[in-house]
There are 4 protein chains.
Amino acid sequence: MAMTGVLRPGFAQIRVLDMEKALEHYTKRVGLHEVTRGGDGRVYLKAADEFDHHSLVLREADRAGIDVAGFKVASEADLDALEKRVSAFGYPVEHVPAGEQPGLGRRIGFTVCTGHRIELYAHADLSDPKPPTHNPDVWDVEPHGMRVRRFDHVLLLGPDIDKALDFFEKVLDFRCTERVDTPDGLTAVFLSCGMKAHDIAFVKFGEPAKLHHVSFELESWADIGHAADIITRYDISHDIGPTRHGLTQGRTIYFFDPSGNRNEVFTGDYTYYPDNPTRTWDETQIGKGLFYYERQAPESFLNVMT
Amino acid sequence: MAMTGVLRPGFAQIRVLDMEKALEHYTKRVGLHEVTRGGDGRVYLKAADEFDHHSLVLREADRAGIDVAGFKVASEADLDALEKRVSAFGYPVEHVPAGEQPGLGRRIGFTVCTGHRIELYAHADLSDPKPPTHNPDVWDVEPHGMRVRRFDHVLLLGPDIDKALDFFEKVLDFRCTERVDTPDGLTAVFLSCGMKAHDIAFVKFGEPAKLHHVSFELESWADIGHAADIITRYDISHDIGPTRHGLTQGRTIYFFDPSGNRNEVFTGDYTYYPDNPTRTWDETQIGKGLFYYERQAPESFLNVMT
Amino acid sequence: MAMTGVLRPGFAQIRVLDMEKALEHYTKRVGLHEVTRGGDGRVYLKAADEFDHHSLVLREADRAGIDVAGFKVASEADLDALEKRVSAFGYPVEHVPAGEQPGLGRRIGFTVCTGHRIELYAHADLSDPKPPTHNPDVWDVEPHGMRVRRFDHVLLLGPDIDKALDFFEKVLDFRCTERVDTPDGLTAVFLSCGMKAHDIAFVKFGEPAKLHHVSFELESWADIGHAADIITRYDISHDIGPTRHGLTQGRTIYFFDPSGNRNEVFTGDYTYYPDNPTRTWDETQIGKGLFYYERQAPESFLNVMT
Amino acid sequence: MAMTGVLRPGFAQIRVLDMEKALEHYTKRVGLHEVTRGGDGRVYLKAADEFDHHSLVLREADRAGIDVAGFKVASEADLDALEKRVSAFGYPVEHVPAGEQPGLGRRIGFTVCTGHRIELYAHADLSDPKPPTHNPDVWDVEPHGMRVRRFDHVLLLGPDIDKALDFFEKVLDFRCTERVDTPDGLTAVFLSCGMKAHDIAFVKFGEPAKLHHVSFELESWADIGHAADIITRYDISHDIGPTRHGLTQGRTIYFFDPSGNRNEVFTGDYTYYPDNPTRTWDETQIGKGLFYYERQAPESFLNVMT
């Protein structure tokens, strides 16, 4: 294919209440690597299978949640073209200079109708550890903790998700892989910018700018079981799983970081192509869509967010 | 992303010496479903996770091998544009009318420098079994045999693979994910049209138009083990595996269909993005590239083809 | 070792409300094989990895639950010796003639303090399918449904489990692998007659002769995931899982047969030796003991039984 | 069961050419823990799922191979009784005082007809890390390296394996789970002292006292794949696998320690009971018995030993 525009989720910047506890969680338990610390106290992390400089940014604050979801685009020209389309859609665009996050080029930022800040950028430096490329071993650095391979996506909550769907489809060229329609209207939407079952998802919610979860990808269902063992061994707060989603089919487990931000580690969603039909769900089977085995969601999953 | 042009490997048409034996192999053992039989005796098969009408075409002949590798493109307009680019590259283009294969729209066909016929088409009917799309279960039809999920790719052998690389990159917008360069020059090249580590691969070989293997994707390493049990239980000719490739990292097992065409079932190659560097291999580590655990290839793997 | 006395759980005879629905469940979904039907309507099933004639007996009745848990002993002489010890413990022993269940030799039966009938027998015919023994393949008959490998154990509820523990340890030479002691006294006990983490378990309950679940063993955690897919695809009533027990460490999923009898399929408990210490649990961590990831049990698990 | 006599393989003492290289291999790569070093330079290792003090003893020497295979018996009384039976069989018995290996009680030792020294002992101290026993987590110490769970068995080569079979069956109460008979007579024999498919195995060989491999058990086929990744990443000498044995059905991979001693890590042999038939193999299918997928053994597997 000719693939242009938004390539992938690049980073999430989230707020944590206690940086040292957060770092222990994300590096020792989740299995990320610390890349660098910024002068303003932000800490930059990455998974070993990622080429880009970093994919998770932790910012200490007195309230948990997400600051920004960043997406990498294919070229500076695409970034310019996307800026025009975002502006034309009616969202004011802010310019963030190169280096505001170490290792990233200039970014454009804007707030979508659900209240979330989205950023786009075309350049990321390489940083270690990254996948080897000459006569490469499968890994150079032995996987540790939950053995996550990459930052995968965020699920966000807020109002006006119909308009968010419209924006991501028409302006950012995402595809709607799955949607949930109930008598109350569009309730949830899963969007892909490539061949994954989702690169971002939105769920309708009364309050804007909320984070449901930050998700990391694992190699296998075996690693989901291992992640579960880690969660209990280190008394990490558990939400639900190991289980499977009907929506996207991913095998998954959910838990909370020490600040209360929900994390997911998952594996095995399907391969999506842009000519595939959108999968649709209605209120009769939404339980199965959320959690395929339990066929319902626990209260915590529906009501706890940051 | 905006994804245009060639979306994915759509079908392989291969030659088999005995249709009934071939059908038993591909339906009962490999786990495909028979979709329909054509008036000319060709039989059309598909894997259950595919939306398209079929993905494997068997043609009875007195010599095994591959007739054509078909790729699905995003639109009729893309098909027209690609036709112009193929012609401009110097390959004569032949038109195949809609319905020549049941369920497929018009195709364009041409022979590349390695001697292989490639076809492109923009339309495929749906046929059963296909993934459910409304309140979908993970599967409707219980996986059977080796539990393959999709036809994945072919690996082809022939001369002039430098030119094949050039053609697939410049005309069909594929990306070179990995390449092997030895003192004899470019020896093997892996090409992706999307986010998979490969959608087609070429290995340099003196004789044109040869097939190394047809590959199907499995869910997991557990299913590789199950496929291996099936191979021995039913006395299927085994080549190598379970093992892992250094090239593309896929976990894999190779075997032969009753006509001597090599099959692969594999899982777990990496996710590729168009801004990822090309992985490179040289003659010092090519054994590890071929088979990551054995660090060498058996004679059969290098010398047996159809 | 010299291994004498009770070798293993041999069969469970359970009551079902509708034989045809029960057979569809246990053969097509759970993956057992029907061996034979008796003149009195009982149906005899087995898993493919078992040498003995059958391991599950279904009896149609108007109330679900368990009739008898049968254990195979090493020899007729051991059976005689065990009869004397059971009688000496104070339980009246009943003789069941050979052939009362097709394929089994004479049995002795008695009711233990929890209200459950236990039977012992030294002989079982072979029946098909069974593991091949000359130049054996890993399996002759392709695993189907949930791919269970053997009937593994039952968990029973009733009063006086202290005395049941005493009986199984002193009379039947079982070992206590794990026990749960709370301020209310002994609450649960897991007993092994060999090297498995449990061959039978008792939980304290006010009413006698109750069945908590019948358990079957799977090869792998991957197969637990597949069993879960089957449970939802065929609308089988789900209880809890995929998850893991702290007690015995088994990876597991629970569901109900059409009559309301709870089933478990599980894999991966630890290897036990008779010189291993008994693992002990108290009321502070009993949730983790029950379900290691959730660290609590759902109401249904504690209160629904047959 | 009443389980008396020999309970399990307790330890192997093997010779290594370079202790520091051996320690790096067995602790960092295989995943054992160093327990203690003796005054004579021997180093004592254990796997985390073992209660006993140690299970692998490394002794630096100028020739690789095995010094002794130790088995733990159920009681001091059993040890006395076994000593009488060993002597009566005609093997002189040597007494090794408690503490000759730290943490072990007195041992009796003798040389069997294949030239190997066998030792029996009834007491082992506990040492860390060992499985937790009160409100136990699945593990306290995160698995590392190949994540081995226990020392499992050794396979030994030498002459007169008919007599070895006789000795292990009649004197030590082992059971013959599988045997290979060819026109040359008994070629290989697999023996269990409990419910595992093998606790020791002998293959006929012209030279006495040879070691084929020391084997460690893994949790899963997924961990076999991970072990394979480790073998290549750290340039460990690879023999064969991932593959499966027909004999015992274990899924397996073989490699060499830095001194040339062959190691196996494996998972998933079947559960054996003493009333199960012995599985038999003949020369027509011995390839499949050795390696179920390849249906033949590589030269190295048959000819390289220490």
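Residues numbered from 1 in each chain as written. Chains lettered and ligands numbered in written order. Predicted model: local features only at pLDDT ≥ 70, side-chain atom pairs only at ≥ 80, totals over all residues. Heavy atoms only, no water.

Caption draft 1: Just the overall build of chain A, in detail. Within chain A, the regular secondary structure consists of 6 helices and 18 strands. Computed over C-alpha atoms, the radius of gyration of chain A comes to 18 Å, within 12% of the 19 Å expected from 2.2 N^0.38 for 306 residues, which places it in the range of a compact globule. Buried residues in chain A amount to 64% of all 306 residues. Considering only contacts within chain A whose residues lie at least 6 apart along the sequence, 68% involve residues at least 24 apart. Of the roughly 9,700 Å² of accessible surface on chain A, a fraction of 49% belongs to carbon and sulfur atoms. When the 34 positive and 48 negative side-chain charges of chain A are each reduced to one mean point, those points stand 1 Å apart. (Helix = DSSP H or I, 4+ residues; strand = E, 2+ residues; numbered from the N terminus. Rg over C-alpha atoms; globule rule 2.2 N^0.38 Å. Buried < 20%, exposed > 50% of the residue type's maximum accessible area, 1.4 Å probe, protein only. Contact = heavy atoms within 4.5 Å. Areas by Shrake-Rupley, 256 points an atom, 1.4 Å probe, with all protein chains shown as cover. Lys, Arg positive; Asp, Glu negative; His and termini not counted. Charge placed at Lys NZ, Arg CZ, Asp CG, Glu CD.)

Caption draft 2: Structural view of the packing of helix α2 (residues 76-89) of chain B against helix α3 (residues 161-170) of chain B. All names here are of chain B. Look at α2 against α3: their axes get within 11 Å of each other, and the N-to-C directions meet at 150°. By the criterion of interaxial angle, the relationship of α2 to α3 is roughly antiparallel. In the packing of α2 onto α3, the handedness of the crossing is right-handed. Between α2 and α3, the contacting residues are R85, V86 and F89 on the first element and K163, D166, F167 and K170 on the second. When its residues are assigned to classes, the contact of α2 with α3 shows 3 nonpolar, no polar and 4 charged. (Axes fitted to C-alpha atoms, helices over the stretch in contact; angles between N-to-C directions. Parallel < 35°, antiparallel > 145°, perpendicular 65-115°, else oblique. Left-handed = near helix turned anticlockwise from the far one by under 90°. Nonpolar A, V, L, I, M, F, W, Y, C, P; charged D, E, K, R; others polar.)

Caption draft 3: The interface of chain B and chain A, seen in detail. Listed by partner, the interface residues are 43 residues for chain B and 42 residues for chain A. Buried surface at the junction of chain B and chain A, summed over both partners, amounts to about 4,400 Å²; 50% is from carbon and sulfur atoms. Taken together, chain B and chain A are joined by 8 salt bridges. Salt-bridge contacts for D137(A) lead to K288(B); the nearest nitrogen and oxygen are separated by 3.2 Å. Our enumeration of links across chain B and chain A arrives at 24 residue pairs in polar contact (both at pLDDT 80 or more). (Buried area = accessible area lost by both parts, 1.4 Å probe. Salt bridge = Lys/Arg side-chain N within 4 Å of Asp/Glu carboxyl O. Polar contact = N/O pair within 3.5 Å; in protein donor to acceptor, adjacent residues only side chain to side chain.)

Caption draft 4: Examining the relation of the copies chain C and chain D more closely. Between chain C and chain D, which share one sequence, the superposing operator has a rotation angle of 180° and an axial displacement of 0.0 Å; the RMSD is 0.0 Å. Both copies of the chain, as the preceding transformation shows, are related through a two-fold rotation axis. Closest to the rotation axis within chain C is the C-alpha of M3(C), separated from it by 2.4 Å. Residue by residue, 100% of the interface of chain C is reproduced at the interface of chain D, so both copies engage with the same surface. (Least-squares fit on C-alpha atoms with pLDDT ≥ 70 in both.)

Caption draft 5: Molecular detail of the interface of chain C and chain D. With 42 residues of chain C in contact, the opposing surface of chain D contributes 43 residues. Inspection of the chain C/chain D interface yields 8 salt bridges. D275(C) is the salt-bridge partner of R8(D), the closest N and O atoms lying 2.8 Å from each other. For the pair chain C and chain D, the interface holds 24 residue pairs in polar contact (both at pLDDT 80 or more).

Caption draft 6: Structural view of the domain arrangement of chain A. Residue and element names in this part refer to chain A. With domains assigned, chain A is organised as domain 1 (6-121) and domain 2 (153-303). Using only C-alpha atoms to locate each centre, domain 1 and domain 2 end up separated by 20 Å. Facing 36 residues of domain 1, the contacting portion of domain 2 comprises 38 residues. Applying the counting rule to domain 1 against domain 2 returns 1 salt bridge. Residues R85 and D173 are paired through a salt bridge, measuring 3.1 Å at the closest nitrogen-oxygen approach. Along the contact surface separating domain 1 from domain 2 lie 12 residue pairs in polar contact (both at pLDDT 80 or more). (Domains from an automatic or database assignment.)

Caption draft 7: How the structure looks around unusual backbone geometry. All names here are of chain A. For the bond running from D128 to P129, omega is -5°, close enough to zero to count as cis. Backbone torsion omega between G241 and P242 reads 10°, so that peptide bond is classified as cis. Locating P242 in the fold gives a position in strand β15 (residues 238-244). Even without being glycine, Q249 reaches a positive phi, approximately 70°. Here Q249 is to be found in the loop between β15 and β16 (251-256).

Caption draft 8: Quick look at the packing of aromatic side chains. All names here are of chain A. Enumeration according to the criterion identifies 70 aromatic pairs over all chains in this entry. On the numbers, 5.6 Å between centres and 85° between planes, the contact of F71 with F174 is edge-to-face. Linking F71 in strand β6 (residues 65-73) with F174 in the loop between α3 (161-170) and β11 (175-182), this pair joins segments that are 103 residues apart in sequence. On the accessibility criterion, F174 (3% relative accessible area) is buried. (Phe/Tyr/Trp six-rings, centres within 6.5 Å; stacked < 30°, edge-to-face > 60°.)

Caption draft 9: Structural view of empty space enclosed by the protein. Residue and element names in this part refer to chain D. All told, the structure shown has 6 cavities of 30 Å³ or more when counted by the stated rule. In this model, the second largest cavity occupies a volume close to 90 Å³. A48, K130, P131, P132 and D140 are, among the 14 residues lining the second largest cavity, the residues nearest its centre. Split by residue class, the lining of the second largest cavity holds 8 nonpolar, 1 polar and 5 charged. (1 Å grid on protein atoms, 1.4 Å probe; cavity = no way out; pocket = protein on both sides within 12 Å on 5 of 7 lines; lining within 4 Å. Points joined across faces, edges and corners; volume = space filled by probe spheres on them.)

Caption draft 10: Representation of the sheet that holds strand β13 (residues 200-204) of chain B. All names here are of chain B. The sheet built from 9 strands is open, its strands ordered β15-β16-β17-β14-β10-β13-β12-β11-β18 with mixed pairing. Here the strands that pair on one side only, and so sit at the sheet edges, are β15 (238-244) and β18 (279-282). With direction set aside, neighbouring strand axes in the sheet form an average angle of 15°. In this sheet, strand β12 (residues 185-192) lies alongside strand β11 (residues 175-182) in antiparallel orientation, the contact comprising 7 bridges. Across the sheet, residue R179 finds its bridge partner in β12, namely V189. (Pairing = 2+ DSSP bridges.)

Caption draft 11: Region of interest: the relation of the copies chain B and chain A. For the match of chain B to chain A, the screw axis carries a shift of 0.0 Å, the RMSD comes to 0.0 Å, and the turn is 180°. Comparing interface residues between copies, 98% of those in chain B also sit at the interface in chain A, which points to an isologous, same-surface contact.

Caption draft 12: Structural context of the side chain of D199(A). Residues and elements named next belong to chain A. Mapped onto the elements, D199 comes out in the loop between β12 (185-192) and β13 (200-204). Of the residues examined, D199 reaches a relative accessible area of 1% and is grouped as buried. At 3.5 Å, the side chain of D199 forms a polar contact with the side chain of S192. Looking at D199, its side chain comes within polar contact range of the side chain of K196, at 2.8 Å. Contact partners of D199, with chain neighbours within four places excluded, come to P9, F71, D152, H153, V154, F174, L191, S192, C193 and G194.

Caption draft 13: Layout of helix α2 (residues 76-89) of chain D. For α2(D), built from 14 residues, the straight-helix expectation of 20 Å at 1.5 Å per residue is met to within 8% by its first-to-last C-alpha distance of 20 Å. Trailing α2(D) by a residue or two, G90(D) shows a phi angle of about 115°, which is positive. (Expected span 1.5 Å × (residues − 1).)

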